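Okay, here's what each chain looks like letter by letter:
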Amino acid sequence: MPSMSVFSRREFLKSFGVGLAGLALPKSFYSNPRLSIPRLGRVASESLSVYSEPSDQSVIRFQRFRDDILHLYQDVVSEDGPGYNPVWHRVWGGYVHSAFVQPVENRLNPILEEFPSVGQLMEVSVPYTQAYRIRQNGKWEELERYRLFYTSTHWAFALVQAPMEAPFYGEAFYRVDNGLLNLSYYVKAIHLRKVDASELAPIHPEVDAKDKHIEINIDFQSLRAFEYGEQVKDFYVSTGIISDRKNPDLLPTATPKGSHQIISKRPSVHMGDGSLIPDVDKFALPGVPWVSYFSTSGYAIHGTYWHNNFGHVMSKGCINMRSQDAKWIYRWCSPYPQEINENNAYRTKVRVY
C-alpha cells in the first residue's frame, strides 16, 4: 500500500481556506412556507419506467436509470395497484412505481479528526458516494460499479488527503476498511455521518429480555415485536422468494419457517450473491446495516437499500427491512452488544410462520 497523508480537519480547512458552513443553505430557505421542497429518491434498478399515470397500463413516456436521483413531488395510492404495493411517486414527467425508488436525503457532515483503534461506525447520508482505491504507483482510481448507498454503514479508520489534481482537488476522504475483502477504499468524508454511541443504546432495556419476542408472518409480509405478550411494533418486511435451487451448496432462498432466536448482531456486514471473493468488481452488497442473525446458516433481519418493495417477497432468505426499522430491531432485541460474547446472554425468540 503506498504511503498516504493522514491529516487533521484543522489542517485541511486551513490549507484550502474553506469550511463546511459555506455548503449550507440559509435558514430562511427552509422556513419560508411558500417553498415546497420535494423529497429525493434514488433509482435502485437498472431502469425505471416513467408512466403518464400511476398505472402500468398507461403510456410509458421515458426511462430513468440506476442511481438517477428523482424529485418526489407526491405519493399516490393507485386504484390500479399493484395490490401488494399500490404506492406510486409523482415525478418530473409522470409517475414511477415505488418498488425500486429508495427515498434518500443529501446531508453533508463535519469531518472527523480522530478515530478509535477499532474504527468509527459511519452511515452514508447522501444518495450515494463513489469509492476509490489507490494503486501501487500512488494513483487514485474509481472503483467501477462500487458505490456506497444511503443508510448503508461502514467502518472508517483514517482521514486522508486526496491528490490536488482533478477530480479530487485535495478533498478530505475517509479510509474505509472492508475486512471480508481484505481491502481498503476511500470515500468523501462529508458523505459519511458518524453514528453516535447513543444510537446504539438498547431500546426498552427495562423490559426483561425474556419478555420480548418477534413474530414474522410470511403471508402478510410483516414483522411484529412483542413485550409481555403485547405488540409494541409492526413493520412491513420482505422475506425470501421461493426458488427451485438444485445446488446443495447454495442456501434455499425461502425464509426458513419455525422457531429461531437472535444469535448475534453486527451493525455493518458485507453481503453478496454467494461468490464473495477479493474482487470488488463482482456483485456485492457492502455495508448492509443493522444485521440481527437468527440462524447459524446466515439468515438475518437487516436493513435494505437496494429496493423499497416492502410487503412483497424480495430476498434470498433474509428479512429485508427499511434501514431505520432494522435499526430499531437491532437495538431492541437481545443479546445486547455488551452481551454478544457471553454464553449466558438471553437471545430473543423469533418465530417465522
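Before reading further, recall that the structure is shown in the block above.
To start, this report covers the structure provided alongside it. All of these numbers come straight from a predicted model, not from anything done at the bench. Residue indices begin from 1 for each chain and proceed along its sequence in written order. Per-residue local features are limited, in this predicted model, to residues with pLDDT of at least 70; the limit for side-chain atom pairs, both in listing and counting, is 80 or more; totals at the level of whole chains, interfaces and linings are taken over all residues. Side-chain numbers here rest on the full set of heavy atoms in the structure, without hydrogens or water.

Quick notes on the sheet that holds strand 20 (residues 264–272)
Read from one edge to the other, the open sheet built from four strands follows the order 20-21-22-23, with strand pairing classed as mixed. Looking at the sheet topology across the chains shown, the edges are occupied by strand 20 and strand 23 (319–322). Each strand of the sheet is rotated relative to its neighbour by a mean of 35°, with strand direction disregarded. Residues count as neighbours in contact if any of their non-hydrogen atoms are within 4.5 Å of one another. An axis is simply a line fitted to the C-alpha atoms; with a helix, the fit covers only the stretch in contact. Between two such axes, the angle follows the N-to-C directions and lies from 0 to 180 degrees. Here a helix means four or more residues in a row that DSSP labels H or I, a strand means two or more in a row labelled E, and each is numbered from the N terminus. Across the face of the sheet, helix 3 (residues 323–332) comes into contact with strand 20, strand 21 (284–293), strand 22 (300–304) and strand 23 while running at roughly 110° to strand 23. Pairing between strands requires that DSSP locate at least two bridges from one strand to the other.

Description of the pattern of salt bridges
Salt bridge, as used here: a side-chain nitrogen of Lys or Arg that lies within 4 Å of a carboxyl oxygen of Asp or Glu. Applying the stated criterion across every chain yields a total of 15 salt bridges. Among the ionic pairs, glutamate 46 bridges to arginine 66, the shortest N-O distance being 3.1 Å. Of this pair, glutamate 46 sits in the loop between strand 1 (39–43) and strand 2 (47–51) while arginine 66 is found in the loop between strand 3 (60–65) and strand 4 (69–72), placing the two residues 20 residues apart along the sequence. We note a salt bridge from glutamate 171 to lysine 188, for which the minimum N-O separation is 3.2 Å. With glutamate 171 in the loop between strand 12 (153–161) and strand 13 (172–178) and lysine 188 in strand 14 (residues 183–188), this residue pair connects regions lying 17 residues apart in the sequence. Here's how the labels work: a residue is buried when its accessible area is under 20% of the maximum for its type, exposed when over 50%, partly exposed in between, all with a 1.4 Å probe on protein chains only. A relative accessible area of 22% means that glutamate 171 is categorised as partly exposed. Salt bridges here are not isolated pairs; linked through shared partners, they connect Glu123, Arg193, Glu199 and Lys327.

As for the sheet that holds strand 1
In a beta sheet, neighbouring strands are held together by backbone hydrogen bonds and run either parallel or antiparallel to one another. If you walk across this open sheet you meet the three strands as 4-1-8, and the pairing is antiparallel. Two strands close off the open sheet at either side, each with one partner strand: strand 4 and strand 8 (101–104). Strand-to-strand twist in this sheet, taken as the mean axis angle between neighbours without regard to direction, amounts to 40°.

Section: the nonpolar core
Core analysis: the largest hydrophobic core is formed by 25 residues, its most contacted members being Ile214, Ile216, Leu223, Ile301, Ile319, Met321 and Ile329. With five residues, the single largest contributor to this core is helix 3. Among buried residues, those of type Ala, Val, Leu, Ile, Met, Phe, Trp, Tyr and Cys that are joined through side-chain atoms within 4.5 Å constitute a nonpolar core.

Considerations on the packing of aromatic side chains
Centre distance within 6.5 Å is the pairing criterion for rings of Phe, Tyr and Trp, where only the six-membered ring of Trp is used; planes under 30 degrees apart are then read as stacked, over 60 as edge-to-face, and the remainder as tilted. Across all of its chains, the model carries 15 aromatic pairs by this definition. Look at tyrosine 132 and phenylalanine 168: their rings are 5.1 Å apart centre to centre, the planes differ by 75°, and that puts the pair in the edge-to-face class. Separated by 36 residues along the polypeptide, tyrosine 132 in strand 10 (residues 128–134) and phenylalanine 168 in the loop between strand 12 and strand 13 bring together distant segments of the chain. A centroid spacing of 4.9 Å and a plane angle of 85° characterise the contact between tyrosine 305 and tryptophan 306, whose relative ring orientation is edge-to-face. Any Lys NZ or Arg CZ found within 6 Å of a ring centre and within 35 degrees of that ring's normal is scored as a charge over the ring. For the cation-ring pair, lysine 265 lies above tyrosine 330, with the distance from its terminal atom to the ring centre recorded as 5.0 Å.

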